[in-house]
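# Observations on the three-dimensional arrangement
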Amino acid sequence: MRPLASVGVLMRVAISGGVGLLVAAVVGVGCSGGDAGNGAPTETPAPVERDTDVATPPPTATAASEVTPVPAWELPRGGESAGVLLLDYGTLGGWDSGRPGAARGALYPLAAESGATLPGYEPFDLGQASSELVSPDGRWLAVAYHRGQSSSSELRLFDLEGWREVPVEQLESAGRQHIGGFAWAANGWLTGLRYHGSVTPGFPWVLEPGGAGPRALTESEVGDLEQWSAVRVSGDGARLHVLGYRSAECCGIDVQGDPFVATFDLESGAELGRVALPGVLIGQRFETLFENDDEYNVLRNPAVVAASDGSLVYVVHADEDRVSVVDVASGTVRVEAIERPRSVLSRLGGWLTSGLVSRAEAKGGVYRRKAATLSADGSQLYVTGVAEIACEGTPYFSCVDGHPLGLQVVDLGSMELVAEFGGISRFVATPDGSRLVGIGSEFDHRDLGDDEHEAKRVGFGATVIDATSLEVVSHIEPETSFTDIAVSPDGRFAYLLSGGPGRSPDAWYQCEIECTQLTVVDLESGDVVATRVFDSTTVRLVSLSAGPSAAPWQ
């Protein structure tokens, strides 16, 4: 079977309660870092794809479309407005089997309703981009770029309104460097970390688009942050919070001592302090999960989200329903248990006995990664994530990869679970906060005979949730394995990626043509309004929406 990996059953509990506008936050990787780079865009051939007929007539005006959209870049060439950006590694030659060329990705805009490629926009060649993040106003795109086979990565910045790359003066470095941990502040600043290797310390930086270039937030070139797992900016854009830890080796192996939260003032660059997190598990360790003494390499990655004013930082434990609440000013931390009312427990019973991973041979705990966001008023916490499931008799490996942990809604005043929706491992919200859209899928290695390298991809569709009533509005294609999601800047449409007609759920990685499908959904009606099919196996969405999102692998 495959080594531990994370991808994304259907279980759902809806309980009364209210939800406000979410504040964006994503969880980082267990190892220090990410990739990035610099360079001018190259001329590329026009993307090749197959368009299919629109599934239903264009939707009529809805309540969602009447909401004033958040600021977003406007296309200067007229025509239909952009809804999302598509990053396609097949159009330039890349990771797809049997296609020549280096791993290069073409980024270009798609029309909001039809999903068609907008004419007149030469695709950006993003190369081996490891992460992309659009600014809250939709004007700037930051890219972490890995340059070929080198061991360094850099920052690239694109002006989406002018559709051009803006040169960035890189931070000075005596040797190899990596850029990662992107976060946009409310004032338009871009922050992140730079580090020199998997076990060397890193330091935070800030970039003002249009300025001279990034500036370090610490006096010395290399601070003492050690390794890091997540970078967050407070809602007011004043503070940067870093979840850090110490380990003797890379990637969170042999973590030493407690992880900690370090806080920096974005204006002065001064470190305001750091708070240890006793009881929070992070990184890798070997554990015995079954009575036969088989050991598993267990990985934990907690979620981190900052309060809007930066006074509190919430660290959601990866392995249990607990939250460590850090008071930045006092340097103290308290641990709160997420309480499940009796009504919640009674409603959970049904899927506990019927879920795919509830069979006797399956046991959780091999891998758990969470992501979290807060409501706009700071009163509710939203938690999602993925887990790897272990089965007895398969030491060191998981039998189910990417099992969705569902979407939890927690009242921060009482620390009670007020709603839970199953089959979700990541979600996005419309910019006005009226809708949440969640997706989830998993790879199941069981019952596949002697072929340990195959896995069946099991999908749970897309769940559209009313963010006020916490009721499910629609469940789109319940058995489809959606792999990526975004919403349009006006909140009218959702964009979903899934396997195309050329893929088989039992042989997901073996595909030559029609490998990926884009589905455009009207969020008010729940109808599919357009689809497109791509030959590429490696395609992902870059959202233009300022709506919040949470994904455990970002």
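Notes on the structure in this doc start here.

About the thresholds
Think of each chain on its own: its residues are numbered from 1, step by step along the sequence as written. Reporting of local features is limited, given that this is a predicted model, to residues whose pLDDT is at least 70; pairs of side-chain atoms are given and counted only at 80 or more, and all residues count toward the totals for whole chains, interfaces and linings. Processing note: side-chain calculations cover all non-hydrogen atoms of the structure and skip hydrogens and water entirely. Each helix is a run of DSSP H or I of at least 4 residues and each strand a run of E of at least 2, with the numbering of both proceeding from the N terminus. Burial here depends on accessible area, computed with a 1.4 Å probe over protein chains only, as a share of the maximum for the residue type. Under 20% is buried, over 50% is exposed, and the range in between is partly exposed. Every accessible area reported is derived by Shrake-Rupley at a probe size of 1.4 Å, with residue values counting cover from the shown protein chains alone. A contact between two residues is defined here by any heavy atoms of the two lying within 4.5 Å. Pairing between two strands is assigned when DSSP locates at least 2 bridges connecting them. Orientation is described by axes fitted as lines to C-alpha atoms, over the contacting stretch for helices, and by angles from 0 to 180 degrees between their N-to-C directions. Only a pair of cysteine sulfur atoms within 2.5 Å qualifies as a disulfide here. Counted as salt bridges are all cases of a side-chain nitrogen of Lys or Arg within 4 Å of a carboxyl oxygen of Asp or Glu. As used in this record, nonpolar core signifies buried Ala, Val, Leu, Ile, Met, Phe, Trp, Tyr and Cys residues forming a set joined through side-chain atoms within 4.5 Å. Contacts described as polar in this section are N or O atom pairs within 3.5 Å, which, within protein, must combine one atom able to donate a hydrogen with one able to accept it, while residues neighboring in sequence count only if both atoms come from side chains. For Phe, Tyr and Trp, where Trp contributes only its six-membered ring, two rings pair if their centres lie within 6.5 Å, and the inter-plane angle classes them as stacked under 30 degrees, edge-to-face over 60, or tilted in between. Any Lys NZ or Arg CZ found within 6 Å of a ring centre and within 35 degrees of that ring's normal is scored as a charge over the ring.

## With respect to the overall build of the protein
Of the regular secondary structure elements, the protein holds 2 helices and 39 strands. Expressed as a percentage of its 554 residues, the buried residues of the protein come to 56%. When the accessible surface of the protein is split by element, carbon and sulfur atoms take 50% of a total near 21000 Å².

## Here we look at the environment of L497
With respect to the element layout, L497 can be found in strand β35 (residues 493-499). L497 gets classed as buried once you look at its relative accessible area, which sits at 0%. Put simply, L497 and T483 are 14 residues apart on the chain and 5.5 Å apart in space, counted from C-alpha to C-alpha. Not counting the four nearest positions on each side in its chain, L497 is found in contact with S481, F482, T483, D484, T516, Q517, L518, V539, R540 and L541.

## Brief notes about the sheet that holds strand β22 (residues 312-316)
The strand order across the open sheet formed by 4 strands is β21-β22-β23-β24, and the pairing between neighbours is antiparallel. Only two strands of the sheet have a single neighbouring strand rather than two, namely β21 (303-306) and β24 (332-337). This sheet shows a mean twist of 20° between the axes of neighbouring strands, independent of strand direction. Inspection of the sheet shows β22 paired to strand β23 (residues 322-327) by 5 bridges, in the antiparallel sense. Bridge pairing links V316 to V323 in β23.

## A short note on the state of the cysteines
Counting across every chain of the model gives 1 disulfide. Two residues share a disulfide in this structure: C511 and C515, whose sulfurs sit 2.1 Å from each other. Handedness of the C511-C515 disulfide follows from its S-S torsion of about -105°: it is left-handed. Summarising the burial analysis for this pair, C511 and C515 share the class buried.

## A closer look at the pattern of salt bridges
The tally for this structure, following the rule as stated, stands at 13 salt bridges. Between E320 and R322 there is a salt bridge, with its nearest N and O atoms 3.5 Å apart. We classify E320 as partly exposed; its relative accessible area is 30%. Relative accessible area serves as the criterion here: at 33%, R322 is assigned to the partly exposed category. Within the structure, one salt-bridge network assembled from shared partners comprises R139, D159, E161 and R164.

## Here's the deal with the nonpolar core
Core analysis: the biggest nonpolar cluster contains 20 residues, and L85, L107, F124, L126, L141, V143 and L160 have the highest contact counts within it. Of all the secondary structure elements, the ones that give two or more residues to this core are β4 (82-88), β5 (106-111), β7 (128-134) and β8 (140-146).

## Re the environment of T516
Turning to its location among the elements, T516 is positioned in strand β36 (residues 516-522). By relative accessible area, which is 4% here, T516 ends up buried. Measuring from C-alpha to C-alpha, the distance between T516 and G499 comes to 4.6 Å, with 17 residues separating the pair along the chain. With residues up to four places along the chain from it excluded, the contact list for T516 reads L497, S498, G499, G500, R503, R532, V533, F534, S536, T537 and V539. A polar contact of 2.6 Å, which involves the side chain of T516, links it to the backbone oxygen of S536.

## Some thoughts on the side chain of R435
With respect to the element layout, R435 can be found in strand β31 (residues 435-444). Relative accessible area serves as the criterion here: at 13%, R435 is assigned to the buried category. Not counting residues within four places of it along the chain, the set of residues in contact with R435 comprises V428, A429, T430, V464, I465, D466, A467, V473, L523 and E524.

## Things to note about the packing of aromatic side chains
Applying the stated rule across the entire model yields 4 aromatic pairs. Both rings, one in F124 and one in F158, keep their centres 4.6 Å apart while their planes meet at 40°; by these two values the pair is tilted. Note that F124 is positioned in strand β6 (residues 124-125) and F158 in strand β9 (residues 153-159), a separation of 34 residues in sequence. The exposure class of F124 is buried, given its relative accessible area of 3%. With a relative accessible area of 0%, F158 lands in the buried category. A ring pair is formed by F182 and W205, whose centres lie 6.4 Å apart and whose planes are at 80°; its orientation type is edge-to-face. With F182 in strand β11 (residues 178-184) and W205 in strand β13 (residues 202-207), this pair connects stretches of sequence that are 23 residues apart. An aromatic cluster is defined as three or more aromatic residues linked by ring pairs; in this entry it consists of Y121, F124, F158 and W163. Here the guanidinium or amino end of R215 rests over the ring plane of W189, the centre of that ring lying 5.3 Å away.

## Some remarks on the sheet that holds strand β38 (residues 539-543)
Read across the open sheet, the 4 strands follow the order β6-β5-β4-β38; overall the sheet is antiparallel. The open sheet has two edge strands with one neighbour each: β6 and β38. With 5 bridges connecting them, β4 and β38 associate as antiparallel partners. Across the sheet, residue D88 finds its bridge partner in β38, namely V539.

## A word on unusual backbone geometry
Residues other than glycine seldom take positive phi values, yet M415 does so here, at roughly 55°. Unlike most non-glycine residues, L470 shows phi in positive territory, near 60°. The topology assignment puts L470 in the loop between β32 (456-466) and β33 (472-476).

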